[in-house]
Amino acid sequence: MLTLPNDLQEAIGAALGTVSPVRWMREAQALSERYRGPRGAGQHFASSPAEVLGYAAMILPASYAQLRGAMASTAARVPEWTPRTLLDLGSGPGTALWAAVAQWPALSTLVAWERERAFITLGRQLAQHSESAAIRAARWEQADLQKLDHAPAQTYDLVVLGHVLNELGEAERAAIVERAWAMTAGVLLIVEPGTAAAFSVVRAARDRLLLAEAHTLAPCAHDQPCPLQNDWCHFPQRLKRTAFQRRAREAPSEWEDSKYSYAAMARFPTSHPIWGRVIREPTSNKAYAETLISSREGVATHRALKRNKADFRAMRDLHWGDALDEPPAGDTVTR
């Protein structure tokens, strides 16, 4: 289970303390309603100072969890890779900066591009509370990704598109993915909410990058087109809720599973290839345990009968999102 870094929690708490709790809670609830509604191309979900405070209370913690989950899975495939520079496209309040430094502490140069001035202001305020010198020194630039007609010549070890593409039209997505890849010296990480609609966006971006000869680090075990049919691939990251998040959500539970879809695409192949990945929570009954796995051989349900005790326990104890070096013992039921 992840927890929001203490310095980030304190920074958000200090920002929320500048206005009435009634106000930021009202903005958080309104923002939640907009997020659950239909997505429009170029839609502004939060742009005023009050709205971005609602975002910090309601959305930021879950976004942090999703980004950290995707980054951890990426790092596991290239453990020797040590990025030094980061470009966060559509940064919001800089959530990816905090997540990336937690995953790769050697990061020293952070650049955040964001369209909304209120998010930039909040991002800078939060950064000044950080224990990381890199976050405190991050360079913020006001930029509308849809209006960039070319990619700057400078490249970065890590480029992040977090919760950006799902809010754009198809043509804008393709152009931004192309420009982001042009600025990527190492890894381009795309993270979106774990919905069927958002997965299709991630899938299309991965397909485009494969045509550009990118290598898949995660979650896929291969560089082939996604084999899923009438389904979507997403993963959970458990997060311990902060007090302000519980107030914003009006939810007493101390934790949540924040689900996300992602693609980590690189200029280089993985140094630690896998055979497959568990893409659905394992289930079990009195007769067997089973789970859905996407592997180099395609997508299939793998099942272990209870009478084969060791295989049954091993299958039952798998976790959603686990990377597998070899097929699990048991039978394969092809979809």
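The notes below deal with the structure included here. As the structure is a computational prediction, the values presented were derived from the model and not from experiment.

**Focus on the state of the cysteines**
Here comes step 1: Under the definition given, this model contains 0 disulfides.
Here comes step 2: There is no disulfide at Cys226, and the cysteine sulfur nearest it, in Cys220, is 6.2 Å away.
Here comes step 3: Judged by its relative accessible area of 16%, Cys226 falls in the buried class.
Here comes step 4: With no disulfide of its own, Cys233 lies closest to Cys220 among cysteine sulfurs, the gap being 6.6 Å.

**Describing the nonpolar core**
Here comes step 1: In this structure, Ile12, Leu110, Leu126 and Leu158 are the most contacted members of the largest nonpolar core, which totals 69 residues.
Here comes step 2: Sequence-distant contacts of Leu158, that is, excluding residues within four places in its chain, are made with Trp81, Pro83, Thr85, Leu86, Leu87, Ala100, Trp104, Val187 and Leu189.
Here comes step 3: Listed in part, the 27 residues of the second largest apolar core include Ala143, Met183, Val202 and Leu210.

**Examining unusual backbone geometry**
Here comes step 1: Of note, the bond from Ala218 into Pro219 is cis; its omega dihedral lies within 30 degrees of zero at 0°.
Here comes step 2: Among the secondary structure elements, Pro219 is positioned in the loop between β7 (215-218) and β8 (235-240).
Here comes step 3: Positive phi, close to 55°, is recorded for Asn230, a residue that is not glycine.

**What about the layout of surface pockets?**
Here comes step 1: Space inside the second largest pocket adds up to approximately 300 Å³.
Here comes step 2: Around the second largest pocket sit Met1, Pro236, Gln237, Arg238, Asp257, Lys259, Glu281, Pro282, Leu318, His319 and Trp320, which together line it.
Here comes step 3: Elements with a minimum of two residues in the lining of the second largest pocket: β8 and β9 (255-266).
Here comes step 4: Among the elements that make up the lining of the second largest pocket, the one with the highest residue count is β8 (3 residues).
Here comes step 5: In terms of residue class, the lining of the second largest pocket is made up of 5 nonpolar, 2 polar and 4 charged.

**Here we look at the environment of Ala196**
Here comes step 1: Considering the arrangement of structural elements, one finds Ala196 in helix α9 (residues 196-211).
Here comes step 2: Between the C-alpha atoms of Ala196 and Val22, which are 174 residues apart in sequence, the distance is 34 Å.

Definitions and limits used
Residues numbered from 1 in each chain as written. Predicted model: local features only at pLDDT ≥ 70, side-chain atom pairs only at ≥ 80, totals over all residues. Heavy atoms only, no water. Disulfide = S-S within 2.5 Å. Buried < 20%, exposed > 50% of the residue type's maximum accessible area, 1.4 Å probe, protein only. Core = buried A, V, L, I, M, F, W, Y, C linked by side-chain atoms within 4.5 Å. Contact = heavy atoms within 4.5 Å. Helix = DSSP H or I, 4+ residues; strand = E, 2+ residues; numbered from the N terminus. 1 Å grid on protein atoms, 1.4 Å probe; cavity = no way out; pocket = protein on both sides within 12 Å on 5 of 7 lines; lining within 4 Å. Points joined across faces, edges and corners; volume = space filled by probe spheres on them. Nonpolar A, V, L, I, M, F, W, Y, C, P; charged D, E, K, R; others polar.

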